[in-house]
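Structure assessment
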Amino acid sequence: RKSVSRVYVLDVHPLCYRGSKPDSSEFLWWMRAFLRRIVLDDPVIAVFDGEFGNDYRRKILPSYKAGRRKFKPLDPSFKWTRGLEASFSRFQCFLRQCNIPVVKVDNVEADDVIATLARQVNDRSLKAVIASPDKDFKQLVSENVELLIPFADLRRWSFYTVKDYVEQHKCEPGIELGLRCLLGDAADGVPGVPGFGRKTALKLMRKHGSLENLLSAAAFRTVGKPYIQDALKEHSVLLEKNLEVLSLRRDINVELPVEWCLSRDKSNDLAAL
């Protein structure tokens, strides 16, 4: 197999839903488009959430993904069982048939595994492409990390790069983590600073570059209107928790074998689909 310039890291769980409901046909649709129109024989690594992966962040912020369903361990006799757990096991078999390695680390969220693998891909002087609808990954966007986002309304995958981020926010992606900490994320149960809108948060992050810089400046001088100053001081502990919860870890104990960075044998894709 030949060497390549990019490696795709696939976030599997979000592709298994149509809206908020599990739908195996949705997974099949996205994988067909992904394998046959985009990656071809480029290497792909598929990542699943580990059992109890949310617990680490829930200890810091109990509201984090509090409404998400907890999955029981997969039944090895998936072929004769029903339910989403059985579907996940079938999806893993499908991915392996397509010569895609599957990674799942207990007590760790897929996001952190993906961030770690993307770093290791870059360490091999390759470009990482993270395939996921999860906006958390925007904090990783750089010249060497791109996103591949499935847009359900358009029924298409679309690349998202540094250029796209700059055009959207008029600044570099380094502000993204701080921006999300200020605004929060209702879907993930992460509260934002009351009274802060996107315009205010963007203005502060463009000026200070990171949440740490902003909080440090607010502790010693005025950084905005009185309500901004008061809110930053009053909610500094919340913001520090948000920073710890929303920061993607890149030090998970996973290793990237060299063979995962070589071109993929796609000869079995059609039969697997």
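Residues numbered from 1 in each chain as written. Predicted model: local features only at pLDDT ≥ 70, side-chain atom pairs only at ≥ 80, totals over all residues. Heavy atoms only, no water.

**Let's talk about the nonpolar core**
Of all hydrophobic cores here, the largest spans 60 residues; its most connected members are Val 113, Leu 182 and Leu 232. Lining this core are residues from two domains, each supplying at least three of them: domain 1 (6–169) and domain 2 (173–246). With residues near it in sequence (within four places) discarded, Leu 182 still touches Gly 192, Val 193, Phe 196, Ala 201, Met 205, Leu 211, Leu 214, Leu 232 and Leu 239. Membership of the second largest hydrophobic core comes to 27 residues, among which are Leu 15, Cys 16, Ile 100 and Val 129. (Core = buried A, V, L, I, M, F, W, Y, C linked by side-chain atoms within 4.5 Å. Buried < 20%, exposed > 50% of the residue type's maximum accessible area, 1.4 Å probe, protein only. Domains from an automatic or database assignment. Contact = heavy atoms within 4.5 Å.)

**What to know about the packing of aromatic side chains**
By the definition in use, this model includes 8 aromatic pairs. Relative to Phe 94, the ring of Phe 27 lies with its centre 5.8 Å away and its plane at 80°, an arrangement referred to as edge-to-face. Taken together, the positions of Phe 27 in helix H1 (residues 24–39) and Phe 94 in helix H3 (residues 84–97) put the pair 67 residues apart, joining distant regions of the chain. Pair check on accessibility: Phe 27 and Phe 94 agree, each one buried. The structure contains a cluster of three or more aromatic residues connected by ring pairs, namely Tyr 8, Trp 29, Trp 30, Phe 34 and Trp 157. (Phe/Tyr/Trp six-rings, centres within 6.5 Å; stacked < 30°, edge-to-face > 60°. Helix = DSSP H or I, 4+ residues; strand = E, 2+ residues; numbered from the N terminus.)

**Examining helix H7 (residues 198–208)**
Of the residues making up H7, those classed as buried are Thr 200, Ala 201, Leu 202, Leu 204, Met 205 and His 208. Elements in contact with the buried residues of H7: helix H5 (162–169), helix H6 (176–183), helix H8 (211–218) and helix H9 (226–234). Of the residues flanking the end of H7, it is Gly 209, one or two places downstream, whose phi is positive at about 85°.

**Considering the domain arrangement of the protein chain**
Split into domains, the protein chain comes out as domain 1 (6–169) and domain 2 (173–246). The gap between the C-alpha centroids of domain 1 and domain 2 is 28 Å. Between domain 1 and domain 2, the contact holds 16 residues from the first and 20 residues from the second. When domain 1 packs against domain 2, close to 1700 Å² is buried across both sides, 52% of that on carbon and sulfur atoms. Here Asp 185 makes a salt bridge to Lys 135, at a shortest N to O gap of 3.6 Å. Elements with a minimum of two residues in the side of domain 1 that touches domain 2: helix H2 (55–60) and H5. Of the residues assigned to the side of domain 1 that touches domain 2, the class counts are 7 nonpolar, 3 polar and 6 charged. (Buried area = accessible area lost by both parts, 1.4 Å probe. Salt bridge = Lys/Arg side-chain N within 4 Å of Asp/Glu carboxyl O. Nonpolar A, V, L, I, M, F, W, Y, C, P; charged D, E, K, R; others polar.)

**Notes on unusual backbone geometry**
Backbone geometry at Phe 52 places phi at a positive 60°, although glycine is not the residue there. Secondary-structure assignment places Phe 52 in the loop between strand E4 (44–48) and H2. Looking at Phe 52, the relative accessible area reads 53%, which means it is exposed. A positive phi is found at Asn 107, a non-glycine position, where the angle reads about 70°. As for its placement among the helices and strands, Asn 107 is situated in the loop between strand E5 (102–104) and helix H4 (110–123).

**Regarding a positive patch on the surface**
A grouping of Lys 199, Lys 203, Lys 207, Arg 221 and Lys 225 is seen on the molecular surface, where their side chains present a positively charged patch. Looking at where Lys 203 falls in the secondary structure, it is placed in helix H7. Take Lys 203: its relative accessible area is 65%, and that puts it in the exposed class. (Patch = residues over 30% accessible without salt bridge, like charges linked within 9 Å, V, L, I, M, F, W, Y side chains within 5 Å. Areas by Shrake-Rupley, 256 points an atom, 1.4 Å probe, with all protein chains shown as cover. Lys, Arg positive; Asp, Glu negative; His and termini not counted. Charge placed at Lys NZ, Arg CZ, Asp CG, Glu CD.)

**What to know about the sheet that holds E4**
One open sheet holds the 6 strands; their spatial order is E5-E4-E1-E6-E7-E8, and the pairing between them is mixed. Only two strands of the sheet have a single partner each, and these edge strands are E5 and strand E8 (156–160). The mean angle between the axes of side-by-side strands here comes to 25°, regardless of whether they run parallel or antiparallel. With 3 bridges joining them, E4 and E5 adopt parallel strand pairing. Residue pairing for E5: Val 47 is matched across the bridge by Val 103. The sheet strands contacting H1 are strand E1 (6–11), E4, strand E6 (127–131), strand E7 (145–151) and E8, and the helix crosses E8 at an angle near 55°. (Pairing = 2+ DSSP bridges. Axes fitted to C-alpha atoms, helices over the stretch in contact; angles between N-to-C directions.)

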